[in-house]
Every structure is written in structure tokens, then in C-alpha cells.
Amino acid sequence: PLADIGVTGLAVMGSNLARNFARNGFVTAVHNRSYAKTKALIDEHGGDGVFVPSESAADFVASLAKPRKILIMVKAGEPTDAVIEELAALVEPDDIIIDGGNAKFADTRRRQAALAERGIHFVGCGVSGGEEGALNGPSIMPGGSAKSYESLGPILERISAHVDGAPCCTHIGTDGAGHFVKMVHNGIEYADMQLIAEAYDLLRRGAGLSPARIGQIFGEWNKGDLDSFLIEITAQVLSQVDAETGAPFVDVVVDAAGMKGTGTWTVQTALDLGIPVSGIAEAVFARGLSSAAAHRAAAAGVLPGPDGTWPIADVDAFVEDVRIALYASKIVAYAQGLDEIFAGAAEYGWDINVGAVARIWRGGCIIRAKFLNRITEAYDVSTGIELPASLLLAPYFTDAIANAQDSWRRVVAGAATAGLPTPGFAAALSYYDGLRSERLPAALIQGQRDFFGAHTYQRVDKPGTFHTLWSGDRTETQTA
Ligand code: NDP
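Predicted model only: the values in this text are computed from it and were never measured. (Residues numbered from 1 in each chain as written. Predicted model: local features only at pLDDT ≥ 70, side-chain atom pairs only at ≥ 80, totals over all residues. Heavy atoms only, no water.)

Colleague: How should I be thinking about the site of the ligand in this particular structure?
Modeller: Residues in contact with the ligand amount to 19 residues; listed here are only the nearest, Met13, Asn32, Arg33, Ser34 and Lys37. Between the ligand and Arg33 there is a distance of 2.9 Å, counted from an oxygen atom to a side-chain nitrogen or oxygen. Interatomic distance of 2.5 Å between a side-chain N/O atom of Lys37 and an oxygen atom of the ligand. Counting only elements with at least two residues in the shell around the ligand, the list comes to α1 (12-23) and α4 (78-88). Taken together, the residues of the shell around the ligand sort by class into 10 nonpolar, six polar and three charged. (Near = heavy atom within 4 Å. Polar contact = N/O pair within 3.5 Å; in protein donor to acceptor, adjacent residues only side chain to side chain. Helix = DSSP H or I, 4+ residues; strand = E, 2+ residues; numbered from the N terminus. Nonpolar A, V, L, I, M, F, W, Y, C, P; charged D, E, K, R; others polar.)

Colleague: Teacher, can you tell me more about the sheet that holds strand β2 (residues 28-31) here?
Modeller: Strand pairing in a sheet relies on backbone hydrogen bonds, with the paired strands running either antiparallel or parallel. In space, the seven strands of this open sheet follow the order β3-β2-β1-β4-β5-β6-β7, with mixed pairing throughout. Taken across any chain shown, the strands that pair with only one partner, and hence form the sheet edges, are β3 (51-53) and β7 (139-142). Within this sheet the neighbouring strands show an average axis-to-axis angle of 25°, counted without direction. Contacts between helix α5 (residues 105-116) and the sheet are confined to β5 (96-99) and β6 (121-128), with β6 contributing the most and set at about 155° to the helix. On top of the sheet, helix α7 (residues 146-159) reaches β1 (5-8), β4 (69-72), β5, β6 and β7; it is set at about 25° to β6, its chief contact. (Pairing = 2+ DSSP bridges. Axes fitted to C-alpha atoms, helices over the stretch in contact; angles between N-to-C directions. Contact = heavy atoms within 4.5 Å.)

Colleague: What should I look at first to understand the packing of helix α13 (residues 278-290) against helix α19 (residues 423-436) in this one?
Modeller: Relative placement of two packed helices is described by the angle separating their axes and the distance separating the axes. Packing of α13 against α19 brings their axes to within 9 Å, and their N-to-C directions diverge by 160°. Compared by their axis directions, α13 and α19 come out roughly antiparallel. Judged by the sense of rotation from one axis to the other, the crossing of α13 with α19 is right-handed. Here α13 contributes Ser278, Glu282 and Ala286 to the contact with α19, which in turn contributes Pro423, Gly424, Ala427 and Tyr431. Each residue belonging to the contact of α13 with α19 can be placed in one class, and the counts come to four nonpolar, two polar and one charged. (Parallel < 35°, antiparallel > 145°, perpendicular 65-115°, else oblique. Left-handed = near helix turned anticlockwise from the far one by under 90°.)

Colleague: Hey, could you run me through the UniProt feature "active site" (unreviewed entry) in the protein in this one?
Modeller: In this structure's numbering, the residues bearing the UniProt feature "active site" (unreviewed entry) are Lys182 and Glu189. Tracing the backbone shows Lys182 in helix α8 (residues 177-206). Not counting residues within four places of it along the chain, the set of residues in contact with Lys182 comprises Asn102, Gly126, Val127, Ser128 and Met141. Assessed through its relative accessible area of 14%, Glu189 is described here as buried. Other than its neighbours up to four places away in sequence, Glu189 contacts Leu230, Ile366 and Ile367. (UniProt positions renumbered as here; feature names shortened; annotations may be inferred. Buried < 20%, exposed > 50% of the residue type's maximum accessible area, 1.4 Å probe, protein only.)

Colleague: It is not clear to me how the pattern of salt bridges should be interpreted in this structure. Could you clarify?
Modeller: Oppositely charged side chains can pair when the atoms bearing their charge come close. With the rule as written, the count across this model stands at 26 salt bridges. Of the charged contacts, one joins Arg111 and Asp81 as a salt bridge, the two residues approaching to 2.9 Å between their closest N and O atoms. Placement of Arg111 in helix α5 and of Asp81 in helix α4 is noted, with a sequence separation of 30 residues between them. Residue classification places Arg111 among the buried positions, given a relative accessible area of 3%. Residue Arg296 is joined to Asp255 by a salt bridge in which the shortest nitrogen-to-oxygen separation is 2.6 Å. (Salt bridge = Lys/Arg side-chain N within 4 Å of Asp/Glu carboxyl O.)

Colleague: Is there a simple way to explain α4 in this structure?
Modeller: A turn of α-helix holds 3.6 residues, and therefore any two residues three or four places apart point the same way. Among the residues making up α4, those that are buried are Thr80, Val83, Ile84, Leu87 and Ala88. For α4, the arc enclosing every buried residue in end-on projection is 130°, short of the 170-degree limit, so these residues lie on one face. Where α4 is buried, its residues contact β1, α3 (57-62), β4, β5, α5 and β6. (Arc of directions from axis to C-beta.)

So, in C-alpha cells, the structure goes:
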């Protein structure tokens, strides 16, 4: 039979997605640059369903039913361009080429435009959930034309994770929208992980609790508002004991966090769009500081300050304060990430339903969490939140932070006094206080800019653009 869908690029992600398609009853064409991976997939997992393997790209394309749907799962960057070029010469107008790799959304926009000229649908598709998700149900964020989603969407929805019966896959928007939203997903993931790490540090160094005990605490937290994949795996990582030394696993691992770039892209893009994603930025910078080995080695024990111990009278109350501070900071990080999505949608003309994005993040992906239901509800028209207002203005989240702020402020102030770094918690709190301030010191900055660069300013009491003759008699002139 002709295949329903094809996958080219059969490393971990591609082979697991191909197996997922086959297990869901789709006839799945498979292809890899070197045939060994294709053969291994068929040898080891051929029983998962109906596969149609091909050695050449031409045979692979010929094995697909029209309109052909071909998912590329190869290394991002130049390899993706090479594979697209090869396939584009073999397919026909109306066929659909899908890139499921972690592409930059700007590359996706470029590729989409080039293929559209040849009548080919190109779909940049974010896939989250790692290997395990690819096999058992990822969260899928397809961009591309609405027309391509008509035939492709039902297949992707079928293999995606499901929560409460709803697929974790929806058409995000045209051209690069899917990869943009996947990028922001990863940025939020960075922020979430950093906030969890800060909470751990407060409990460890501040309260002096053991990793095992903190693991139990995270296990408890996972039953409430914080219920999420990242909290759940944190409990497991903290309870892990190193077999060789008998020490807690977290104590034998080098404290330098790696990264592959999507967090950095999220911040770079936010800077281009002028959107303050301070929680995500602090998370990227904190990984950078952790990996600055020479700087840290030179400074540790030399730069003076408090040693991180905290005079805690009531440990249970402290643990609860940290939990609440984590929740509030996390809400801010999500609010900032969603602001970036609104800004990207406005800049690139995407009609993105942010409530639906939160819905498809409830399962399959790394930031899957119970509280995403609340975000979906917040952007439901019936709640009356005016789009694209900050998530923090949705009544549920306004209340959640109002109730959290005493704990949040105690934790950030106490951490500063004790000398414990909390860049994520503190940045989130500062953002919150900045957002709610009626007047910001930016008026002074406008004065400085006008002083040294004649950059002009506006007045609170009348329209127009003004400049003060700072180096002259300091009178004000109206420039527009
Ligand atoms: P890799 O990123 O390691 O890519 C390996 C695959 O790319 C192999 O099939 C390889 O073929 C193929 N390839 C490399 N260069 C070329 C080329 N010039 N022409 C044709 N094929 C080429 O595989 P992963 O499965 O880890 O990831 C695939 C994509 O999915 C990446 O874009 C990644 O960023 C993304 N992704 C990964 C996730 C993960 O958890 N790993 C999660 C979500 C997305 P060959 O066997 O012949 O060398």
C-alpha cells in the first residue's frame, strides 16, 4: 500500500516518531541517509505496524500517497536545508514537507517562502517531549498553511499526547509560528528549571535540609498547584544516590549547566521584539555563570559576603514560603513567555490562540503542568481578559500572586540577606513590582537621554515632543 506518511532521518527522534505513526495504524514510509538506521528500525521494531522502507530518496517519495506528507527529523541547520532541497526536487505541488527538528523560526519562514513559490507546502513543526514523548505521544506545534493542516493535522493529532481526551496538537499559525512557539516553550522550560533549582538551593543551603528530604518535599509539592513533570523528575533526581560513593547524586555532579541554544534564541528574539522576558533571561545567564569555571574558581572564598545560612525559626513555614515563592515566580515566567508569543504574532502576522497553546502544553512536553489549565481558562473569552493583556491580569492569577506575595517577598529579601543567589525569584518579583508601578524611574532616563543625545521626551500634561536646551539656557522647545 502507499504510505500515509513518511519519516526521513531515523535517529532517536525520527525512529520513535515513525514507530508512533505505525503503532497508530498509519502506513509509514521510512528513510535515512545511511541505510543502516532504516534497517535497524525494521529489524528491531518492524512489528510495531506497517512500515515501507526505502534506500533511496526517490523510492521513498514514490512510496507515499498524495498529497505526500514527509516529516524530516535530521540535524537542524544545513543538514535540514540539504534534505529539503533533495526532497523538493522529487515531490509535486500540494505535497507537504514537514520539518520536525529544532529549527530557528526565521529559517522556517525562509524555507516556507521558497517552497511556496514551487507550490509545495512547508510546515515547520515544533515537537517536544524528547525520545520518550516521540514514541508515546509528544506535544506537537505545527505551523505552515491552514490548507496543509487539513490533511496533516488529523495524523499529528492522533500521535500526540492526549489530556482529558484532547490532543496536544493544534495548528499554531502560518509559516514559522510553530517553531516560534516551540522556541518560547523551551525558554519557559529554562526559567522553570532555574526556579526549581533556586528553591532547592534555599532548602539545602538556607534551611540545611538533605537532598533526600528535599526530594520528599518536591514529591509533596507535586500534589498541589505545582503539579508538573519538572517537579516530579526533580523529586526523583534528588532522591537518587550515587552507587559508587553512596553520596547524593546531586553532590557528585559538576555544577555547570549545559545548553543547546533554544533558551538563548528565546531571549535574543525577545530583545529584538522589545519584550522583557527577565525570568527566561536570568535562567540563561545563570547557566552561563554556572559554566564560567575560571571566574567562579577565582572568586570563591575570595569575594566576601554572608555564607548562605539563614536563621530559620520554623522550618515548615519556611518550606511553605519557598513553595509559594516558586509558584509566583513561575507564573511571572509564563506570563513573560506568553507576552513574547503575542509580540511575535503581532510582528509576523500570526493568528495564535494562546489559550490553545497552553492547552497543547498540558501533556507530552517538558513543561507539562496542571496549572496550564488555568492559563487556557484565562485566555478563554468568557473571563473577559482583554487580549493581549498580561496573564497576571487574569483574575485567577491576580489572586494567586496577591496571596503569594508576602511569602515571595520574605524569601527574596531573606535570600539577599543570607547571600543566596535567587536571580529567577528576584527578577520575577522586580518585574511584578515594575509592572504594577504607576510611575517608573524611566522619566529620569528620558531626561538623561535628552541631556546627552537630544533624544527628546514627551510630557505627562500635554501632547507633543520636547527637548530641553541642556547646554544652553535650559529652556524647553517643542520639536514636534
Ligand atoms: P540528530 O540531531 O542527532 O540527527 C541525526 C540524524 O540526522 C541522522 O538520521 C543523520 O543521518 C541525519 N543527518 C545528519 N546530517 C545529514 C545530512 N547532511 N543529510 C541527511 N541526513 C543527515 O537526531 P535527533 O533524533 O536527536 O534529532 C533530530 C531533530 O529533532 C533535531 O533537529 C533535533 O534538534 C530535534 N529534536 C530533538 C529532541 C531530542 O530530545 N533529541 C527533541 C525535539 C526535537 P545519518 O544516520 O545518515 O548520519
